[in-house]
Structure formats: structure tokens, C-alpha cells
Amino acid sequence: MLGTVLATASAAVLAAPVAGLAVHRQVKRAAHARRLRITGPRGIDESGFVRIGGIDQWVSVRGEDRRNPVLLEIHGGPGASNLPYAHRTRSWEQHFTLVRWDMRGAGKTFARTGPTGQGELTLERLEADALEVTHHVRARLGVDKVVLLASSFGTVTGLRLARRHPELYAAYVGTDQNIVDGGRDRTAHDALVDRLTRAGRRKDLAAVTAMGADRSAWTAHQWSRNNKLVVGSDPLTLDTVKKVVLGSMLTSPLLTLREVRSFMKAMEFCEPLGPQAIATVDERAEGTDFALPFFVFQGARDVITPVAPARRFFDQVSAPVKAFALIEGAGHFASFRHPDRFLDLLLTKVRPALAEAAEAR
């Protein structure tokens, strides 16, 4: 979804970083590396490649106390690894063991073998991979269940896992919650048309109007162009992409500049998954009954995955426990722009549900 946007925003920086920027990056990376150290006796900091779905896939496991609940992230994009945000979410690791997995086609998994080594790239294959990762994590950490933390495009896979395998997951937490309904919802499209109209961007408005509101009829190129316009037409989202997303990538001690370039290529490589999902997924038809605690924490000003469709879906969900919360002053990437607020929601809404379930067993 954001590969083209990030590639455009970062091209000059990656091509020829000036001396001042290089020094700034070096200082920031060193500070973030210090922040990421885990030294306590109960802590865990492991990362490396695990054989998943017939290929080597990158899995990182970090936390200050192995006794804490386990969060398994299903990242978005498609193809956008969450690894660059490690220093932003460091406080989460005080209360949870955080598992970050670079799916096939994403992050270090993509960088290891490039596009020719990713194998089949379908929603069904990603779901099967996610199940393998789940079993790997359960065995490695000795837990029966893990909490699913799905974001953006990853919520398509996350919802499927939560519906079909409640025996493996202690709760579902969706953020930047994406509700795919076969292209019928017009919320994001109408809002984009309104922003372009008010800005007087006639050429872009004509392009969006020509594409129409039915996303299921778009080509991959149209899907990519629409996403670029959505991000570029909203100041908060564009600011977040530049400062939080790109800023995190360029200053992460876990990534070299070569890997940053590879991460951009991974998102472009995975773009066909977007139209594939729109053409084949209908969340309501797949089901709104969930046999596990169900949470959605959404940026109040999200223009990529707007609040209204997420709220409508949430209201139809049947679950043992459920809660919906808005993160004010945030759009897409709310959990990474305001990680402490997101952590507060995890602690005040998700942790109590986990404790209650543990007591009931």
C-alpha cells in the first residue's frame, strides 16, 4: 500500500545522503540501540530465520519477562515489516513478549533471497504461514495461546486466524483495522474526492473519478495510485509517513541502508496482494462471530482505513468480550505514532480480559 509513497519520499535520501544527515542517522541509531538492550535475567531477545512454509522467514522475539503474555504481530503493507518500529515500541516489551515476523515478501525475509525466493504469494499462503509461526512461537515460549496483534493489511489475515483458530489465540487486537467488503464501501473514496475537490487538484480528482468507487474493479496500478493520493492528500498521514514510518526506517539500528532499499522493493513486490484481497474477501460473509476477546483500537483521523467501516463491523461482532477505542490525534499507524497510548489500551482493556480468562481456566 505504501511502497510507492515511501519510495518517492526517500529516493533522494537513499541516493545521496548528505554528511549532516549521515551523522544524524548515526547518532540516532546508536541511541536507539542502547534503548533496545534487554539485560534482565527473565528477558528474551532472539531473532533469526525460521523455516516456515518452505522458505526461511525472519522472526524476532523480545521482552523483559518471559512470563508476560505473548503478542504476535501480523504486519500490514502488504509487505511492510514492523521491525523498524522496535525502538518506538520498546515500552511494550515491559509488559508483553513481542513477536515480530517478516512475512514472505517482506522485510528481512524478502531481503534474504529477493523476489525469486518468496514462493507462492497469496492470502491463503500467508494465512498458512501465520499458523506455522503461531505453532513455532507456542513451542518456543511454552505457551498455549498468544495474542494476535494485526495492523492494516495484516488484519485481513488476522481476522481469518481469529475466526478459524480461537484455540490458539487469547485475544484479537486490530489496529488500522481494514474492513474488506468486496469493494462496496465508499467511505475512503468519498473522503478522498472531498479532499481533492477542496484542494483544487483537478487532475488528480479526474483520475480518481475515472477509477470509480468500486475497488474490486481496479487494476494493481490503479490501486497503487489511489493509495498514493490518499496519503499525499492528508497532511496528518503524510506527516506520519515521513516522520514515523520513513524516520523509523532510516534511524533503526536493526536495518542497514541496503536493507531499507530492500524493504521498499518488498512493498512494491507485494502490491498485487491488495487487489487480490479486494476481489476475494468479504469480511461479513466470512463471519462476525468470534470465540475470543475482540478489540479494535483505531486512529480517530485514519483516512486509509477509516473509522466508520471499522466501527460498523465491530458493532456486528459477537465475542465473549469486546471493546472499541479511538486514538485521538492519530491517523493510520496510530500504534506507532502514539505507542504509549496504544500500550495503555493494551494494559487497561486487553490484559484484564486475559487475566479473567486465566482465572476461569
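See the structure printed just above.
Procedures and definitions
Residues numbered from 1 in each chain as written. Predicted model: local features only at pLDDT ≥ 70, side-chain atom pairs only at ≥ 80, totals over all residues. Heavy atoms only, no water. Core = buried A, V, L, I, M, F, W, Y, C linked by side-chain atoms within 4.5 Å. Buried < 20%, exposed > 50% of the residue type's maximum accessible area, 1.4 Å probe, protein only. Helix = DSSP H or I, 4+ residues; strand = E, 2+ residues; numbered from the N terminus. 1 Å grid on protein atoms, 1.4 Å probe; cavity = no way out; pocket = protein on both sides within 12 Å on 5 of 7 lines; lining within 4 Å. Points joined across faces, edges and corners; volume = space filled by probe spheres on them. Salt bridge = Lys/Arg side-chain N within 4 Å of Asp/Glu carboxyl O. Expected span 1.5 Å × (residues − 1). Arc of directions from axis to C-beta. Contact = heavy atoms within 4.5 Å. Nonpolar A, V, L, I, M, F, W, Y, C, P; charged D, E, K, R; others polar. Phe/Tyr/Trp six-rings, centres within 6.5 Å; stacked < 30°, edge-to-face > 60°. Lys NZ or Arg CZ within 6 Å of the ring centre and 35° of its normal. Axes fitted to C-alpha atoms, helices over the stretch in contact; angles between N-to-C directions. Parallel < 35°, antiparallel > 145°, perpendicular 65-115°, else oblique. Left-handed = near helix turned anticlockwise from the far one by under 90°.

### What to know about the nonpolar core
Working step 1: Among the nonpolar cores identified, the biggest contains 51 residues, and Val173, Phe295, Phe297, Phe342 and Leu346 are the most heavily contacted of them.
Working step 2: Among the elements that line this core, the one with the most residues is helix α15 (residues 339-360), at seven residues.
Working step 3: If you look at the next biggest cluster of nonpolar residues, it comprises 46 residues, including Trp101, Met103, Leu148 and Phe324.

### Side note on empty space enclosed by the protein
Working step 1: Under the criterion given, the structure shown has six cavities of 30 Å³ or more.
Working step 2: In this structure, the largest cavity encloses a volume near 330 Å³.
Working step 3: Residue lining of the largest cavity: 25 residues in total, with Asn178, Ala188, Arg215, Ile304 and Pro306 positioned closest to the centre.
Working step 4: Elements that contribute at least two residues to the lining of the largest cavity include exactly α6 (187-199), α8 (220-232) and α11 (273-280).

### Focus on unusual backbone geometry
One can expect most non-glycine residues to show negative phi and most peptide bonds to be in trans.
Working step 1: A cis geometry characterises the amide bond from Gly77 onward to Pro78, with omega recorded as -5°.
Working step 2: Among the structural elements, Pro78 can be located in the loop between β3 (70-74) and β4 (97-101).
Working step 3: Even without glycine at this site, Asp176 takes up a positive phi of about 50°.
Working step 4: Mapped onto the fold, Asp176 is located in the loop between β6 (169-175) and α6.

### Focus: the pattern of salt bridges
Pairing between side chains becomes possible if they bear opposite charge and their charged atoms approach one another.
Working step 1: Taken as a whole, this structure holds 26 salt bridges when the rule is applied.
Working step 2: Notably, a salt bridge pairs Arg125 with Asp129, separated by 2.9 Å at the nearest N-O pair. Placement of the pair is Arg125 and Asp129 together in helix α4 (residues 123-141), with a separation of four residues, close to one helical turn. The burial state of Arg125 is the same as that of Asp129; both residues are buried.
Working step 3: Here Arg163 makes a salt bridge to Glu286, at a shortest N to O gap of 3.5 Å. Of the two residues, Arg163 sits in helix α5 (residues 154-164) while Glu286 sits in helix α12 (residues 283-286), which places them 123 residues apart along the sequence.
Working step 4: Arg163 gets classed as buried once you look at its relative accessible area, which sits at 14%.
Working step 5: Connected through shared salt-bridge partners, Asp45, Arg62, Glu64, Arg90 and Glu93 make up one network.

### Thoughts on α6
A turn of α-helix holds 3.6 residues, and therefore any two residues three or four places apart point the same way.
Working step 1: Its 13 residues give α6 an end-to-end C-alpha distance of 19 Å, which sits within 8% of 18 Å, the value for a rise of 1.5 Å per residue.
Working step 2: Within α6 the residues assigned to the buried category are His189, Leu192, Arg195 and Leu196. All buried residues of α6 fall inside an arc of 130° around its axis, so they share one side.
Working step 3: Buried residues in α6 make contact with α7 (202-211) and α8.

### Description of helix α10 (residues 257-270)
Working step 1: The end-to-end C-alpha distance of α10 is 20 Å, a good match for the 20 Å that 14 residues give at a rise of 1.5 Å each.
Working step 2: Turning to α10, its buried residues are Glu259, Val260, Ser262, Phe263, Met264, Ala266, Met267 and Cys270.

### What about the layout of surface pockets?
Working step 1: Approximately 200 Å³ is the volume attributed to the second largest pocket.
Working step 2: Counting only elements with at least two residues in the lining of the second largest pocket, the list comes to α2 (19-35) and α9 (235-251).
Working step 3: Top element by residues in the lining of the second largest pocket is α9. It accounts for seven residues.
Working step 4: A breakdown of the residues in the lining of the second largest pocket according to their chemical character gives three nonpolar, six polar and four charged.

### A word on the packing of aromatic side chains
Working step 1: Inspection of the entire model under this criterion finds 11 aromatic pairs.
Working step 2: When the ring of Tyr85 is compared with that of Phe336, the centres are 3.9 Å apart and the planes differ by 15°; the resulting orientation is stacked. On the criterion of sequence distance, the pair formed by Tyr85 in the loop between β3 and β4 and Phe336 in helix α14 (residues 334-337) is long-range, its members being 251 residues apart.
Working step 3: Taking relative accessible area as the criterion, Tyr85 reaches 4% and is therefore assigned buried.
Working step 4: Centre to centre, the rings of Phe295 and Phe297 are 6.1 Å apart; their planes meet at 40°, and the pair counts as tilted. The pair Phe295 / Phe297 is uniform in exposure class, with both members buried.
Working step 5: Aromatic rings pair up to connect Tyr85, Trp92, Phe295, Phe297, Phe336 and Phe342 into one cluster.
Working step 6: Across from the ring centre of Phe49, 4.1 Å away, lies the NZ or CZ of Arg112, which sits over that ring.
Working step 7: When the ring centre of Phe324 is taken as origin, the NZ or CZ atom of Arg311, which lies over that ring, is 4.7 Å away.

### Looking at the packing of α4 against α5
Working step 1: Between α4 and α5, the shortest axis-to-axis distance is 10 Å and the interhelical angle comes to 60°. The orientation of α4 relative to α5 falls into the category oblique. Remark: the crossing between α4 and α5 carries right-handed chirality. Along its contact with α4, which presents Leu123, Glu124, Leu126, Glu127, Ala130 and Leu131, the element α5 presents Thr157, Arg160, Leu161 and Arg164.

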